[in-house]
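Architecture and fold: a report
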Amino acid sequence: SSPGTAVDTAATLAVMAGLGRVAASIAGAPSDPEAVLGSATKAIRDGAGFEHVSAWRLEGDDLHPIGVSGVSGGRPRRVSAGTGLFGAALANPGRPVGADRDYPQATPVTGVAGRELACTIPGSAAPWGVLLAVTGAALPPQATTDLLVAATDVLGSIIRATDAATDLDHRVHRAEALG
């Protein structure tokens, strides 16, 4: 995306259509979470024109990259969930936070040039993790942050559906083994 590019209605529809295709791909079959989240982050990145999009899973006190799409300033790594941009996102579910405005002292996560935005991905009872997007816009418009909130909500649903399909597959295999 070019600096100052705003997410418009067409971009929002492209992201939601892409996420819909990802959701349809997991219907009734166990899926590899990394593949599903890789497809989902690609749909968000391509549809909205972000430079980078990654999904980070919360495991204990750390976040681990599960799905990554786009330019990378190096392999994303495990990071502490309680500090920096991710900590700010987890403390403010449903509200994207940006590294340069909301949390200027945050150390960049990706190393990709642009503004990093993070938003909590909802889980069943607690946050599943964080979605990180890098945009070329210094201060993205409200439409961009609204899109991130909507995308993380859909992504949370996709993750829950993936987990449910995998769990169901395991139960079927156990039942078949028991005869």
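Along each chain, numbering runs from 1 in the same order as the chain's sequence is written. Residues qualify for local features only when their pLDDT is at least 70, as the model is predicted, and side-chain atom pairs are given and counted only at 80 or more; totals for whole chains, interfaces and linings, by contrast, use all residues. Heavy atoms from the whole structure form the basis of all side-chain values; hydrogens and water molecules are not counted.

**Looking at the pattern of salt bridges**
To be explicit about the condition: Salt bridge criterion: a side-chain nitrogen from Lys or Arg within 4 Å of a carboxyl oxygen from Asp or Glu. By the criteria applied, helices consist of DSSP H or I runs no shorter than four residues and strands consist of E runs no shorter than two, each listed in order from the N terminus. Burial status follows relative accessibility: with a 1.4 Å probe on protein chains alone, a residue under 20% of its type maximum counts as buried, one over 50% as exposed, and anything between as partly exposed.
For the structure shown, the criterion picks out three salt bridges. The shortest N-O distance in the salt bridge between Asp46 and Lys42 comes to 2.5 Å. Pair noted here: Asp46 and Lys42 are both in helix 2 (residues 33–48), with a separation of four residues, about one helical turn. A relative accessible area of 41% means that Asp46 is categorised as partly exposed.

**Looking at the side chain of His52**
Quick note on the threshold: Definition of a polar contact: a pair of N or O atoms within 3.5 Å, with one able to donate and the other able to accept a hydrogen when the atoms are protein atoms, and with sequence-neighbouring residues admitted only if both atoms are side-chain atoms.
As for its placement among the helices and strands, His52 is situated in strand 1 (residues 52–59). Among the polar contacts made by the side chain of His52, one reaches the side chain of Ser54 at a distance of 3.0 Å.

**Looking at the confidence of the model for the protein chain**
Close reading of the predicted structure is inappropriate where its pLDDT is low. What counts is decided by this rule: pLDDT is defined as a per-residue confidence score from the predictor, taking values between 0 and 100. The contact criterion used is simple: two residues touch if any of their non-hydrogen atoms lie within 4.5 Å.
Averaged over all residues, the pLDDT of the protein chain equals 83, while 87% of them reach at least 70. At the low end of the mean pLDDT range in the protein chain sits helix 4 (residues 142–178), at 84; at the high end sits strand 1, at 94. The low-confidence segment residues 1–5 (pLDDT under 50) makes nine contacts with residues lying over four places distant or belonging to another chain.

**Focus: helix 4**
To be explicit about the condition: To estimate the expected span of a helix, count its residues, drop one, and scale the result by 1.5 Å.
Taking 1.5 Å as the rise per residue, helix 4 with 37 residues should run 54 Å; its terminal C-alpha atoms sit 54 Å apart, in good agreement. Listing the buried residues of helix 4 in full gives Thr144, Thr145, Leu147, Leu148, Ala151, Thr152, Leu155, Gly156, Ile158, Ile159, Thr162 and Ala165. Residue Gly179 follows helix 4 closely and has a positive phi angle near 100°.

**Some thoughts on the pairing of strand 2 (residues 62–70)**
Note the threshold: In this description, strands pair whenever DSSP reports at least two bridges between them.
The pairing of strand 1 with strand 2 spans eight bridges and is classified as antiparallel. Pairing of Leu58 across the sheet is with Leu63, part of strand 2. In the sheet, strand 2 pairs with strand 3 (residues 79–80) via two bridges, with the strands oriented antiparallel. Bridge pairing in strand 3 links Leu63 to Val79.

**Brief notes about the packing of aromatic side chains**
Filter applied, for reference: Ring pairs shown here join Phe, Tyr and Trp side chains whose ring centres sit within 6.5 Å, with only the six-membered ring taken for Trp; geometry is labelled stacked below 30 degrees between planes, edge-to-face above 60, and tilted in between.
Applying the stated criterion across every chain, the model contains one aromatic pair. For the ring pair Trp56 and Phe86, a centre distance of 5.0 Å and an interplane angle of 55° mean the geometry is tilted. Pair noted here: Trp56 is in strand 1 and Phe86 is in helix 3 (residues 84–91), with a separation of 30 residues, a long-range link. On the accessibility criterion, Trp56 (0% relative accessible area) is buried.

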